[in-house]
Amino acid sequence: MSQITGGHLVAKYLKEIEGVEAVFTLSGAHIENILDGLNEFGIRSVDVRHEQAASMMAHAWSLYTGKPGVCLVTAGPGFTNALTGIANAFLDNAPLVVLCGRHPLRDDLKGALQEMNQIDMVKSVVKWSATCHDIKRIPEYLSIAFRQAVEGRPGPVFLELPPDILSIAVDLKSVDIPKRRTLKTSVTPVKEDLKAAAKLIDQAKRPLLIGGSGVGFSECGKQVAAFAEKTGIPFALLNNGRGALPDSHPRSINDGGFTAVMAALPQVDLVIIVGLRLNWVMESGQTFPDAKVVRIDIDPTEIDRNRTSDVGLAGDAGQILDLLTPMVASKDRSQWEKDLRAAYGAFLVTEREQRETPSYPIHPNRLVAQIQKVVGEDAYYVVDGGDTSYYGSAGFSSIHKAGVTAPASSLLGCIGTGVPFALAAKIAHPNKPVILLNGDGSFGFNGMEFDTAVRLNIPIVCVVNNDCAWGMIKHAQEMSIGPERCTCSELGTRHYEKMVEALGGYGEFVEKDEDIVPALKRAIESGKPACVNVMTDCTAVSPATVVFYQTLSDF
Ligand SMILES: Cc1ncc(C[n+]2csc(CCOP(=O)(O)OP(=O)(O)O)c2C)c(N)n1
(Lines give C-alpha, C1' and ligand atoms only; values in the text may rest on other atoms or scores of the structure.)
Protein backbone atom coordinates (compact mmCIF):
# COMPACT_ATOMS: atom_id res chain seq x y z
CA MET A 1 0.00 0.00 0.00
CA SER A 2 1.45 3.34 -1.01
CA GLN A 3 0.63 6.05 1.52
CA ILE A 4 0.64 9.76 0.84
CA THR A 5 0.20 12.70 3.22
CA GLY A 6 -2.28 15.49 2.54
CA GLY A 7 0.48 18.04 1.92
CA HIS A 8 2.19 15.78 -0.60
CA LEU A 9 -1.15 15.11 -2.27
CA VAL A 10 -1.52 18.85 -2.80
CA ALA A 11 1.91 19.01 -4.46
CA LYS A 12 1.27 15.87 -6.52
CA TYR A 13 -1.93 17.36 -7.92
CA LEU A 14 -0.31 20.73 -8.64
CA LYS A 15 2.60 19.13 -10.48
CA GLU A 16 1.00 16.23 -12.30
CA ILE A 17 -2.45 17.57 -13.14
CA GLU A 18 -2.03 21.35 -13.38
CA GLY A 19 1.65 21.44 -14.43
CA VAL A 20 2.45 24.12 -11.83
CA GLU A 21 6.11 25.19 -12.10
CA ALA A 22 6.40 27.69 -9.25
CA VAL A 23 4.58 28.43 -6.01
CA PHE A 24 5.02 31.82 -4.31
CA THR A 25 5.15 31.37 -0.59
CA LEU A 26 6.40 32.20 2.89
CA SER A 27 6.81 29.37 5.39
CA GLY A 28 4.70 28.54 8.43
CA ALA A 29 4.16 25.47 10.56
CA HIS A 30 0.57 25.06 9.37
CA ILE A 31 1.66 24.56 5.76
CA GLU A 32 4.95 22.72 6.36
CA ASN A 33 3.75 19.47 4.83
CA ILE A 34 2.79 21.20 1.56
CA LEU A 35 6.21 22.90 1.41
CA ASP A 36 7.85 19.49 1.86
CA GLY A 37 5.59 18.16 -0.89
CA LEU A 38 6.70 20.91 -3.29
CA ASN A 39 10.30 19.73 -2.86
CA GLU A 40 9.29 16.09 -3.20
CA PHE A 41 7.47 16.69 -6.50
CA GLY A 42 9.97 19.15 -7.98
CA ILE A 43 7.92 22.33 -7.85
CA ARG A 44 9.96 25.50 -7.37
CA SER A 45 9.04 27.32 -4.18
CA VAL A 46 9.77 31.03 -4.43
CA ASP A 47 9.99 32.10 -0.80
CA VAL A 48 9.58 35.79 -0.06
CA ARG A 49 9.90 38.12 2.95
CA HIS A 50 6.29 39.28 3.19
CA GLU A 51 3.15 37.42 2.08
CA GLN A 52 1.93 40.50 0.23
CA ALA A 53 4.76 39.93 -2.23
CA ALA A 54 3.80 36.25 -2.61
CA SER A 55 0.22 37.02 -3.62
CA MET A 56 1.33 39.87 -5.90
CA MET A 57 3.98 37.70 -7.57
CA ALA A 58 1.47 34.91 -8.17
CA HIS A 59 -0.93 37.45 -9.68
CA ALA A 60 1.84 38.77 -11.93
CA TRP A 61 2.81 35.20 -12.90
CA SER A 62 -0.60 34.82 -14.56
CA LEU A 63 0.10 37.86 -16.77
CA TYR A 64 3.60 36.76 -17.73
CA THR A 65 2.82 33.07 -18.40
CA GLY A 66 -0.90 32.96 -19.19
CA LYS A 67 -1.31 30.29 -16.49
CA PRO A 68 -2.92 30.78 -13.09
CA GLY A 69 -0.46 31.85 -10.39
CA VAL A 70 -0.33 29.83 -7.17
CA CYS A 71 0.43 31.32 -3.80
CA LEU A 72 0.75 29.44 -0.53
CA VAL A 73 0.55 31.27 2.79
CA THR A 74 0.20 30.29 6.39
CA ALA A 75 -2.84 30.76 8.63
CA GLY A 76 -3.72 34.06 10.33
CA PRO A 77 -1.07 36.73 9.69
CA GLY A 78 0.16 34.97 6.54
CA PHE A 79 -3.38 35.21 5.25
CA THR A 80 -3.99 38.83 6.29
CA ASN A 81 -0.66 39.90 4.78
CA ALA A 82 -1.60 38.26 1.48
CA LEU A 83 -5.03 39.92 1.40
CA THR A 84 -3.97 43.09 -0.45
CA GLY A 85 -2.51 41.05 -3.29
CA ILE A 86 -5.69 38.95 -3.44
CA ALA A 87 -7.88 42.05 -3.62
CA ASN A 88 -5.64 43.47 -6.33
CA ALA A 89 -5.96 40.28 -8.41
CA PHE A 90 -9.73 40.34 -7.90
CA LEU A 91 -10.09 43.87 -9.25
CA ASP A 92 -7.73 42.95 -12.11
CA ASN A 93 -9.65 39.75 -12.99
CA ALA A 94 -6.42 37.77 -12.68
CA PRO A 95 -6.52 34.00 -12.08
CA LEU A 96 -4.82 33.48 -8.73
CA VAL A 97 -5.07 30.26 -6.70
CA VAL A 98 -4.46 31.00 -3.02
CA LEU A 99 -3.72 27.95 -0.87
CA CYS A 100 -3.87 28.88 2.76
CA GLY A 101 -3.09 27.26 6.08
CA ARG A 102 -5.72 27.19 8.78
CA HIS A 103 -5.98 26.34 12.45
CA PRO A 104 -6.72 22.62 12.98
CA LEU A 105 -10.32 21.54 12.41
CA ARG A 106 -10.36 19.82 15.79
CA ASP A 107 -9.46 23.09 17.56
CA ASP A 108 -12.23 25.23 16.07
CA LEU A 109 -13.47 27.92 18.50
CA LYS A 110 -10.87 26.96 21.12
CA GLY A 111 -8.55 29.91 20.62
CA ALA A 112 -6.03 27.97 18.56
CA LEU A 113 -2.80 29.58 17.35
CA GLN A 114 -3.57 31.83 14.35
CA GLU A 115 -7.28 30.98 14.53
CA MET A 116 -9.52 33.39 12.67
CA ASN A 117 -12.42 33.32 10.26
CA GLN A 118 -10.46 33.71 7.06
CA ILE A 119 -13.26 32.62 4.74
CA ASP A 120 -15.63 35.42 5.76
CA MET A 121 -12.85 37.95 5.43
CA VAL A 122 -11.72 36.85 1.97
CA LYS A 123 -15.16 36.25 0.45
CA SER A 124 -15.67 39.69 -1.02
CA VAL A 125 -12.42 39.57 -3.01
CA VAL A 126 -12.49 36.05 -4.48
CA LYS A 127 -14.63 34.22 -7.03
CA TRP A 128 -14.78 31.12 -4.87
CA SER A 129 -13.62 30.02 -1.42
CA ALA A 130 -13.77 26.76 0.54
CA THR A 131 -12.26 24.73 3.35
CA CYS A 132 -11.26 21.17 2.59
CA HIS A 133 -12.25 18.83 5.46
CA ASP A 134 -11.26 15.47 4.01
CA ILE A 135 -7.78 14.38 2.90
CA LYS A 136 -9.21 12.18 0.15
CA ARG A 137 -11.03 15.14 -1.41
CA ILE A 138 -7.94 17.40 -1.68
CA PRO A 139 -7.50 16.81 -5.46
CA GLU A 140 -11.22 17.40 -6.06
CA TYR A 141 -11.12 20.71 -4.18
CA LEU A 142 -7.99 21.78 -6.05
CA SER A 143 -9.61 20.89 -9.35
CA ILE A 144 -12.61 23.07 -8.51
CA ALA A 145 -10.28 25.89 -7.44
CA PHE A 146 -8.36 25.90 -10.74
CA ARG A 147 -11.55 25.70 -12.83
CA GLN A 148 -13.12 28.55 -10.87
CA ALA A 149 -9.98 30.69 -11.34
CA VAL A 150 -9.82 30.41 -15.13
CA GLU A 151 -13.35 29.77 -16.43
CA GLY A 152 -15.37 32.76 -17.63
CA ARG A 153 -14.06 36.01 -16.18
CA PRO A 154 -10.83 34.95 -14.44
CA GLY A 155 -10.14 35.83 -10.81
CA PRO A 156 -8.66 34.71 -7.51
CA VAL A 157 -9.89 31.69 -5.53
CA PHE A 158 -9.13 30.70 -1.96
CA LEU A 159 -8.72 27.21 -0.52
CA GLU A 160 -8.10 26.57 3.18
CA LEU A 161 -6.20 23.44 4.07
CA PRO A 162 -6.08 22.59 7.78
CA PRO A 163 -3.03 20.81 9.22
CA ASP A 164 -5.10 17.88 10.48
CA ILE A 165 -5.68 16.81 6.89
CA LEU A 166 -2.24 17.84 5.60
CA SER A 167 -0.06 15.82 7.96
CA ILE A 168 -2.04 12.58 8.08
CA ALA A 169 -1.59 9.91 5.39
CA VAL A 170 -3.97 7.96 3.21
CA ASP A 171 -3.67 5.10 0.77
CA LEU A 172 -3.07 6.74 -2.61
CA LYS A 173 -5.27 4.16 -4.35
CA SER A 174 -8.24 5.31 -2.32
CA VAL A 175 -7.94 8.86 -3.72
CA ASP A 176 -9.75 9.88 -6.88
CA ILE A 177 -7.59 12.32 -8.86
CA PRO A 178 -9.68 14.31 -11.37
CA LYS A 179 -8.25 14.91 -14.82
CA ARG A 180 -7.53 18.48 -15.87
CA ARG A 181 -10.09 20.02 -18.16
CA THR A 182 -8.17 21.58 -21.02
CA LEU A 183 -11.07 23.03 -22.97
CA LYS A 184 -12.71 26.24 -21.86
CA THR A 185 -16.45 26.32 -22.18
CA SER A 186 -17.32 28.68 -25.00
CA VAL A 187 -20.16 31.16 -25.18
CA THR A 188 -20.96 32.66 -28.59
CA PRO A 189 -23.25 35.55 -29.56
CA VAL A 190 -26.17 35.01 -31.91
CA LYS A 191 -25.69 35.75 -35.63
CA GLU A 192 -28.05 38.78 -35.61
CA ASP A 193 -25.90 40.54 -33.00
CA LEU A 194 -22.73 39.83 -34.93
CA LYS A 195 -24.37 41.20 -38.08
CA ALA A 196 -25.53 44.32 -36.22
CA ALA A 197 -21.98 44.89 -34.94
CA ALA A 198 -20.53 44.42 -38.43
CA LYS A 199 -23.00 46.95 -39.83
CA LEU A 200 -22.02 49.60 -37.27
CA ILE A 201 -18.34 48.94 -37.93
CA ASP A 202 -18.77 49.27 -41.70
CA GLN A 203 -20.66 52.55 -41.31
CA ALA A 204 -18.15 54.14 -38.96
CA LYS A 205 -15.88 56.92 -40.23
CA ARG A 206 -13.81 57.52 -37.10
CA PRO A 207 -13.79 54.21 -35.22
CA LEU A 208 -11.37 53.14 -32.50
CA LEU A 209 -10.82 49.71 -30.93
CA ILE A 210 -9.75 49.70 -27.28
CA GLY A 211 -8.70 46.35 -25.87
CA GLY A 212 -8.20 45.56 -22.20
CA SER A 213 -7.21 42.63 -20.03
CA GLY A 214 -9.79 40.44 -21.78
CA VAL A 215 -7.52 40.59 -24.84
CA GLY A 216 -4.56 39.53 -22.72
CA PHE A 217 -6.33 36.64 -21.02
CA SER A 218 -7.87 35.49 -24.30
CA GLU A 219 -4.37 35.62 -25.89
CA CYS A 220 -5.97 37.02 -29.05
CA GLY A 221 -3.31 39.41 -30.37
CA LYS A 222 -3.49 37.72 -33.78
CA GLN A 223 -7.25 38.20 -33.97
CA VAL A 224 -6.96 41.90 -33.05
CA ALA A 225 -4.28 42.29 -35.76
CA ALA A 226 -6.42 40.57 -38.41
CA PHE A 227 -9.41 42.75 -37.52
CA ALA A 228 -7.41 46.01 -37.44
CA GLU A 229 -5.56 45.23 -40.66
CA LYS A 230 -8.75 44.41 -42.57
CA THR A 231 -10.82 47.33 -41.30
CA GLY A 232 -8.00 49.89 -41.02
CA ILE A 233 -9.23 50.69 -37.51
CA PRO A 234 -6.60 52.10 -35.12
CA PHE A 235 -6.40 50.47 -31.72
CA ALA A 236 -5.04 50.92 -28.21
CA LEU A 237 -4.32 47.96 -25.95
CA LEU A 238 -4.44 48.73 -22.24
CA ASN A 239 -3.90 46.97 -18.92
CA ASN A 240 -3.14 43.28 -19.39
CA GLY A 241 -4.07 43.59 -23.04
CA ARG A 242 -1.03 45.76 -23.67
CA GLY A 243 1.62 43.90 -25.60
CA ALA A 244 -0.78 41.29 -26.99
CA LEU A 245 0.53 43.01 -30.13
CA PRO A 246 3.82 44.94 -30.07
CA ASP A 247 3.42 48.64 -29.23
CA SER A 248 5.03 49.30 -32.63
CA HIS A 249 2.22 47.63 -34.65
CA PRO A 250 1.33 50.09 -37.47
CA ARG A 251 -2.31 50.43 -36.34
CA SER A 252 -1.43 50.81 -32.64
CA ILE A 253 -1.70 54.25 -31.04
CA ASN A 254 0.19 53.14 -27.93
CA ASP A 255 3.02 55.51 -28.88
CA GLY A 256 0.71 58.23 -27.56
CA GLY A 257 -0.07 56.33 -24.35
CA PHE A 258 -3.22 57.27 -22.51
CA THR A 259 -3.06 60.76 -24.03
CA ALA A 260 -3.80 59.17 -27.41
CA VAL A 261 -6.91 57.42 -26.07
CA MET A 262 -8.08 60.61 -24.35
CA ALA A 263 -7.51 62.65 -27.52
CA ALA A 264 -9.35 60.09 -29.65
CA LEU A 265 -12.47 59.53 -27.55
CA PRO A 266 -14.16 62.94 -28.03
CA GLN A 267 -13.72 62.53 -31.83
CA VAL A 268 -14.78 58.93 -32.42
CA ASP A 269 -18.10 57.94 -33.96
CA LEU A 270 -17.72 54.29 -32.90
CA VAL A 271 -15.81 52.63 -30.07
CA ILE A 272 -15.26 48.90 -30.11
CA ILE A 273 -14.43 47.96 -26.56
CA VAL A 274 -12.91 44.52 -26.19
CA GLY A 275 -12.41 42.95 -22.75
CA LEU A 276 -12.18 46.29 -20.97
CA ARG A 277 -14.35 47.61 -18.16
CA LEU A 278 -15.72 51.10 -18.53
CA ASN A 279 -14.70 52.23 -15.04
CA TRP A 280 -13.31 55.50 -13.69
CA VAL A 281 -10.09 55.11 -15.67
CA MET A 282 -12.22 55.30 -18.83
CA GLU A 283 -14.26 58.10 -17.26
CA SER A 284 -17.16 55.63 -17.21
CA GLY A 285 -17.65 56.08 -20.96
CA GLN A 286 -18.87 59.67 -20.54
CA THR A 287 -16.27 61.25 -22.86
CA PHE A 288 -17.88 59.84 -26.02
CA PRO A 289 -21.59 60.54 -25.48
CA ASP A 290 -22.52 60.62 -29.18
CA ALA A 291 -20.47 57.69 -30.39
CA LYS A 292 -21.93 54.26 -31.06
CA VAL A 293 -20.60 51.52 -28.82
CA VAL A 294 -19.90 47.86 -29.57
CA ARG A 295 -18.78 45.90 -26.54
CA ILE A 296 -17.20 42.48 -26.40
CA ASP A 297 -16.80 40.98 -22.94
CA ILE A 298 -16.61 37.54 -21.36
CA ASP A 299 -18.97 38.80 -18.66
CA PRO A 300 -22.43 39.78 -20.00
CA THR A 301 -22.99 42.05 -17.00
CA GLU A 302 -20.14 44.31 -18.18
CA ILE A 303 -21.76 45.01 -21.56
CA ASP A 304 -23.91 47.93 -20.36
CA ARG A 305 -21.98 48.97 -17.26
CA ASN A 306 -21.86 52.79 -17.00
CA ARG A 307 -22.76 53.21 -20.68
CA THR A 308 -25.42 51.43 -22.71
CA SER A 309 -23.94 49.62 -25.69
CA ASP A 310 -25.52 49.67 -29.14
CA VAL A 311 -24.45 46.08 -29.63
CA GLY A 312 -23.15 43.74 -26.94
CA LEU A 313 -21.31 40.54 -27.77
CA ALA A 314 -20.72 38.30 -24.78
CA GLY A 315 -17.97 35.70 -24.99
CA ASP A 316 -14.27 35.11 -25.45
CA ALA A 317 -12.65 38.08 -27.22
CA GLY A 318 -10.60 35.98 -29.65
CA GLN A 319 -13.49 33.72 -30.63
CA ILE A 320 -15.76 36.70 -31.27
CA LEU A 321 -13.16 38.55 -33.35
CA ASP A 322 -12.70 35.34 -35.37
CA LEU A 323 -16.41 35.40 -36.17
CA LEU A 324 -16.62 39.16 -36.73
CA THR A 325 -13.60 39.75 -38.99
CA PRO A 326 -14.95 37.84 -42.04
CA MET A 327 -18.22 39.78 -41.69
CA VAL A 328 -16.77 43.32 -41.89
CA ALA A 329 -15.72 45.24 -44.99
CA SER A 330 -12.11 45.89 -45.87
CA LYS A 331 -11.55 49.68 -45.68
CA ASP A 332 -8.93 52.37 -45.94
CA ARG A 333 -9.23 54.59 -42.88
CA SER A 334 -5.73 56.04 -43.13
CA GLN A 335 -6.88 59.68 -43.21
CA TRP A 336 -8.73 59.25 -39.89
CA GLU A 337 -5.66 57.56 -38.42
CA LYS A 338 -3.43 60.42 -39.63
CA ASP A 339 -5.79 63.02 -38.11
CA LEU A 340 -5.83 61.11 -34.85
CA ARG A 341 -2.05 60.85 -34.67
CA ALA A 342 -1.77 64.58 -35.37
CA ALA A 343 -4.28 65.35 -32.61
CA TYR A 344 -2.49 63.46 -29.86
CA GLY A 345 0.93 64.42 -31.25
CA ALA A 346 0.05 68.04 -30.50
CA PHE A 347 -0.49 67.18 -26.82
CA LEU A 348 2.80 65.32 -26.63
CA VAL A 349 5.17 68.00 -27.93
CA THR A 350 6.44 68.98 -24.46
CA GLU A 351 6.74 65.39 -23.30
CA ARG A 352 8.77 64.49 -26.38
CA GLU A 353 11.06 67.49 -25.84
CA GLN A 354 11.58 66.48 -22.21
CA ARG A 355 12.59 63.00 -23.36
CA GLU A 356 15.15 64.32 -25.82
CA THR A 357 16.70 67.11 -23.74
CA PRO A 358 19.29 66.62 -20.99
CA SER A 359 18.04 68.22 -17.79
CA TYR A 360 19.15 69.15 -14.29
CA PRO A 361 17.45 68.17 -12.11
CA ILE A 362 16.62 65.18 -14.28
CA HIS A 363 13.06 65.16 -15.60
CA PRO A 364 11.35 61.75 -15.13
CA ASN A 365 10.40 61.69 -18.85
CA ARG A 366 14.09 62.06 -19.68
CA LEU A 367 14.98 59.23 -17.28
CA VAL A 368 12.44 56.92 -18.93
CA ALA A 369 13.73 57.77 -22.42
CA GLN A 370 17.35 57.09 -21.41
CA ILE A 371 16.42 53.72 -19.92
CA GLN A 372 14.48 52.78 -23.06
CA LYS A 373 17.46 53.82 -25.20
CA VAL A 374 19.81 51.49 -23.31
CA VAL A 375 17.51 48.51 -22.80
CA GLY A 376 15.39 48.58 -25.99
CA GLU A 377 12.11 46.91 -26.85
CA ASP A 378 13.15 43.31 -26.24
CA ALA A 379 12.62 43.66 -22.50
CA TYR A 380 10.02 43.66 -19.75
CA TYR A 381 9.25 46.97 -18.06
CA VAL A 382 7.36 47.27 -14.80
CA VAL A 383 6.43 50.66 -13.37
CA ASP A 384 5.20 51.45 -9.88
CA GLY A 385 4.27 54.67 -8.16
CA GLY A 386 1.95 57.63 -8.67
CA ASP A 387 3.42 60.06 -11.19
CA THR A 388 6.02 57.39 -11.94
CA SER A 389 3.32 55.05 -13.26
CA TYR A 390 2.30 57.66 -15.80
CA TYR A 391 5.83 58.44 -16.98
CA GLY A 392 6.76 54.78 -17.34
CA SER A 393 3.57 53.60 -19.05
CA ALA A 394 3.69 56.48 -21.51
CA GLY A 395 7.41 56.27 -22.24
CA PHE A 396 8.34 52.59 -22.28
CA SER A 397 7.58 50.31 -25.16
CA SER A 398 8.11 46.58 -25.59
CA ILE A 399 7.52 43.89 -28.17
CA HIS A 400 6.29 41.43 -25.53
CA LYS A 401 2.93 40.56 -24.10
CA ALA A 402 2.75 42.25 -20.69
CA GLY A 403 6.04 43.90 -21.72
CA VAL A 404 4.99 47.17 -20.04
CA THR A 405 2.92 46.81 -16.88
CA ALA A 406 1.87 49.47 -14.41
CA PRO A 407 0.11 47.45 -11.72
CA ALA A 408 -0.45 50.48 -9.51
CA SER A 409 -2.56 52.15 -12.15
CA SER A 410 -5.20 49.45 -12.18
CA LEU A 411 -8.43 49.50 -10.16
CA LEU A 412 -7.06 48.93 -6.66
CA GLY A 413 -4.45 51.61 -7.36
CA CYS A 414 -2.05 49.65 -5.21
CA ILE A 415 1.47 51.03 -5.03
CA GLY A 416 4.25 48.71 -3.86
CA THR A 417 3.36 46.16 -6.53
CA GLY A 418 6.48 46.90 -8.61
CA VAL A 419 9.13 44.73 -6.97
CA PRO A 420 6.87 41.62 -6.81
CA PHE A 421 5.76 42.07 -10.44
CA ALA A 422 9.34 42.57 -11.64
CA LEU A 423 10.53 39.47 -9.78
CA ALA A 424 7.73 37.39 -11.31
CA ALA A 425 8.58 38.79 -14.77
CA LYS A 426 12.22 37.77 -14.37
CA ILE A 427 11.39 34.26 -13.13
CA ALA A 428 9.02 33.80 -16.07
CA HIS A 429 11.50 35.29 -18.59
CA PRO A 430 15.00 34.73 -17.16
CA ASN A 431 16.75 35.53 -20.45
CA LYS A 432 15.21 38.97 -20.96
CA PRO A 433 16.13 42.18 -19.16
CA VAL A 434 13.55 43.16 -16.55
CA ILE A 435 13.57 46.83 -15.60
CA LEU A 436 11.50 48.23 -12.78
CA LEU A 437 10.95 51.97 -12.59
CA ASN A 438 9.86 52.63 -9.02
CA GLY A 439 8.69 55.74 -7.22
CA ASP A 440 10.77 56.20 -4.05
CA GLY A 441 7.66 56.00 -1.85
CA SER A 442 6.39 52.83 -3.49
CA PHE A 443 9.81 51.21 -3.31
CA GLY A 444 9.51 51.18 0.49
CA PHE A 445 6.63 48.68 0.63
CA ASN A 446 8.35 45.67 -0.88
CA GLY A 447 11.96 46.89 -1.13
CA MET A 448 12.95 44.14 1.31
CA GLU A 449 12.15 41.65 -1.45
CA PHE A 450 15.58 42.54 -2.81
CA ASP A 451 16.67 39.94 -0.27
CA THR A 452 14.48 37.42 -2.16
CA ALA A 453 16.07 38.61 -5.41
CA VAL A 454 19.60 38.11 -4.02
CA ARG A 455 18.88 34.81 -2.24
CA LEU A 456 17.18 33.28 -5.28
CA ASN A 457 19.41 35.03 -7.84
CA ILE A 458 16.73 36.98 -9.70
CA PRO A 459 18.67 39.85 -11.30
CA ILE A 460 16.09 42.56 -11.88
CA VAL A 461 17.26 46.16 -12.28
CA CYS A 462 15.26 48.69 -10.30
CA VAL A 463 15.60 52.36 -11.22
CA VAL A 464 14.21 54.59 -8.47
CA ASN A 465 12.58 57.76 -9.78
CA ASN A 466 13.49 59.58 -6.59
CA ASP A 467 11.66 62.87 -6.00
CA CYS A 468 12.06 62.56 -2.22
CA ALA A 469 8.28 62.51 -1.79
CA TRP A 470 5.03 60.64 -2.20
CA GLY A 471 4.94 62.71 -5.37
CA MET A 472 1.41 62.22 -6.69
CA ILE A 473 -0.06 62.92 -3.25
CA LYS A 474 2.20 65.90 -2.60
CA HIS A 475 1.28 67.48 -5.94
CA ALA A 476 -2.44 66.81 -5.41
CA GLN A 477 -2.12 68.50 -1.99
CA GLU A 478 -0.40 71.48 -3.59
CA MET A 479 -3.45 71.84 -5.83
CA SER A 480 -6.06 71.27 -3.13
CA ILE A 481 -4.88 72.61 0.23
CA GLY A 482 -1.92 74.65 -0.98
CA PRO A 483 1.87 74.12 -1.06
CA GLU A 484 2.42 75.46 2.45
CA ARG A 485 0.01 72.91 3.98
CA CYS A 486 1.34 69.71 2.38
CA THR A 487 1.17 66.95 4.94
CA CYS A 488 2.62 63.43 5.31
CA SER A 489 3.92 63.58 1.76
CA GLU A 490 7.63 64.41 2.09
CA LEU A 491 10.21 61.62 2.28
CA GLY A 492 13.72 63.07 1.96
CA THR A 493 16.84 61.78 0.25
CA ARG A 494 17.38 58.11 0.99
CA HIS A 495 20.10 55.83 -0.34
CA TYR A 496 17.99 52.90 -1.48
CA GLU A 497 20.93 51.71 -3.60
CA LYS A 498 22.96 51.21 -0.42
CA MET A 499 20.16 49.14 1.08
CA VAL A 500 20.25 46.89 -1.99
CA GLU A 501 24.06 46.72 -1.77
CA ALA A 502 23.82 45.78 1.89
CA LEU A 503 21.53 42.91 0.94
CA GLY A 504 24.15 41.64 -1.54
CA GLY A 505 22.97 43.40 -4.71
CA TYR A 506 24.47 46.17 -6.84
CA GLY A 507 23.85 49.89 -6.31
CA GLU A 508 24.42 53.23 -8.09
CA PHE A 509 23.44 56.78 -7.08
CA VAL A 510 22.80 59.23 -9.93
CA GLU A 511 22.20 62.98 -9.91
CA LYS A 512 23.40 64.07 -13.36
CA ASP A 513 21.85 63.42 -16.74
CA GLU A 514 25.09 62.18 -18.29
CA ASP A 515 25.50 59.55 -15.56
CA ILE A 516 22.19 57.78 -16.20
CA VAL A 517 23.30 55.65 -19.14
CA PRO A 518 26.70 54.49 -17.78
CA ALA A 519 25.22 53.71 -14.34
CA LEU A 520 22.44 51.70 -15.90
CA LYS A 521 24.86 49.79 -18.11
CA ARG A 522 27.06 48.93 -15.10
CA ALA A 523 23.99 47.82 -13.15
CA ILE A 524 22.90 45.48 -15.95
CA GLU A 525 26.45 44.17 -16.45
CA SER A 526 26.82 43.41 -12.74
CA GLY A 527 24.42 40.49 -13.30
CA LYS A 528 23.13 41.07 -9.78
CA PRO A 529 19.79 42.35 -8.54
CA ALA A 530 20.48 46.06 -8.82
CA CYS A 531 19.20 49.45 -7.77
CA VAL A 532 20.00 52.68 -9.63
CA ASN A 533 18.75 55.46 -7.40
CA VAL A 534 18.18 58.54 -9.57
CA MET A 535 17.40 61.96 -8.08
CA THR A 536 14.74 63.57 -10.26
CA ASP A 537 12.89 66.87 -10.49
CA CYS A 538 10.56 67.02 -7.49
CA THR A 539 8.46 69.74 -9.14
CA ALA A 540 7.48 67.61 -12.15
CA VAL A 541 3.76 66.79 -12.10
CA SER A 542 2.29 64.18 -14.44
CA PRO A 543 -1.07 64.59 -16.21
CA ALA A 544 -2.27 61.52 -14.25
CA THR A 545 -2.05 63.54 -11.03
CA VAL A 546 -4.24 66.24 -12.48
CA VAL A 547 -6.88 63.65 -13.50
CA PHE A 548 -6.55 61.94 -10.10
CA TYR A 549 -7.01 65.26 -8.30
CA GLN A 550 -10.03 66.22 -10.42
CA THR A 551 -11.69 62.82 -9.87
CA LEU A 552 -11.45 63.18 -6.10
CA SER A 553 -12.27 66.89 -5.83
CA ASP A 554 -15.30 67.01 -8.12
CA PHE A 555 -18.07 66.39 -5.56
C1 LIG B 1 -0.87 50.86 -0.83
C2 LIG B 1 -1.19 52.29 -1.13
N3 LIG B 1 -0.98 53.22 -0.17
C4 LIG B 1 -1.21 54.53 -0.45
C5 LIG B 1 -1.66 54.92 -1.67
C6 LIG B 1 -1.91 56.40 -1.99
N7 LIG B 1 -0.90 56.87 -2.97
C8 LIG B 1 -1.17 56.97 -4.29
S9 LIG B 1 0.09 57.59 -5.19
C10 LIG B 1 1.03 57.78 -3.80
C11 LIG B 1 2.40 58.38 -3.90
C12 LIG B 1 3.39 57.54 -4.61
O13 LIG B 1 4.65 58.06 -4.42
P14 LIG B 1 5.91 57.48 -5.13
O15 LIG B 1 5.90 56.00 -5.08
O16 LIG B 1 7.11 58.13 -4.59
O17 LIG B 1 5.67 57.85 -6.65
P18 LIG B 1 5.55 59.29 -7.34
O19 LIG B 1 4.11 59.70 -7.26
O20 LIG B 1 6.45 60.22 -6.57
O21 LIG B 1 5.97 59.04 -8.73
C22 LIG B 1 0.34 57.33 -2.65
C23 LIG B 1 0.88 57.37 -1.28
C24 LIG B 1 -1.91 53.90 -2.63
N25 LIG B 1 -2.39 54.17 -3.84
N26 LIG B 1 -1.63 52.61 -2.34
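Note that the structure is a prediction, hence the values are computed from the model and not measured. (Residues numbered from 1 in each chain as written. Predicted model: local features only at pLDDT ≥ 70, side-chain atom pairs only at ≥ 80, totals over all residues. Heavy atoms only, no water.)

**Q** I'd love a proper account of the site of the ligand, names of residues and values included.
**A** Around the ligand, a shell composed of 17 residues is seen, among which T388, G413, G441, S442 and M472 lie nearest. Within the backbone of G441, one N or O atom sits 2.9 Å away from an oxygen atom of the ligand. A distance of 2.5 Å separates an oxygen atom of the ligand from a polar atom in the side chain of S442. About the coverage of the ligand: the protein hides 78% of its 590 Å² of free accessible area. Only α16 (387-395), α18 (440-446) and α20 (471-480) provide two or more residues apiece to the shell around the ligand. It is α18 that contributes the most residues to the shell around the ligand, four residues altogether. In terms of residue class, the shell around the ligand is built from six nonpolar, eight polar and three charged. (Near = heavy atom within 4 Å. Polar contact = N/O pair within 3.5 Å; in protein donor to acceptor, adjacent residues only side chain to side chain. Areas by Shrake-Rupley, 256 points an atom, 1.4 Å probe, with all protein chains shown as cover. Helix = DSSP H or I, 4+ residues; strand = E, 2+ residues; numbered from the N terminus. Nonpolar A, V, L, I, M, F, W, Y, C, P; charged D, E, K, R; others polar.)

**Q** Give me the nonpolar core: which residues, what numbers.
**A** Judged by nonpolar contacts, the single largest core of 54 residues is most densely connected at F24, M57, Y64, I86, V122 and F158. The contact partners of M57, leaving out residues within four places of it in the chain, are F24, V46, V48, P420, L423, A424 and I427. In terms of nonpolar packing, the next biggest core, distinct from the first, is built from 34 residues, V10, I34, V97 and V170 among them. (Core = buried A, V, L, I, M, F, W, Y, C linked by side-chain atoms within 4.5 Å. Buried < 20%, exposed > 50% of the residue type's maximum accessible area, 1.4 Å probe, protein only. Contact = heavy atoms within 4.5 Å.)

**Q** Describe the environment of T74, and please don't skip the residues or the numbers.
**A** Relative to the helices and strands, T74 is located in the loop between β4 (69-73) and α4 (77-91). T74 gets classed as buried once you look at its relative accessible area, which sits at 6%. Beyond its immediate sequence surroundings of up to four residues, T74 is in contact with L26, S27, G28, A29, H30, I31, E51, F79, C100, G101 and Q114.

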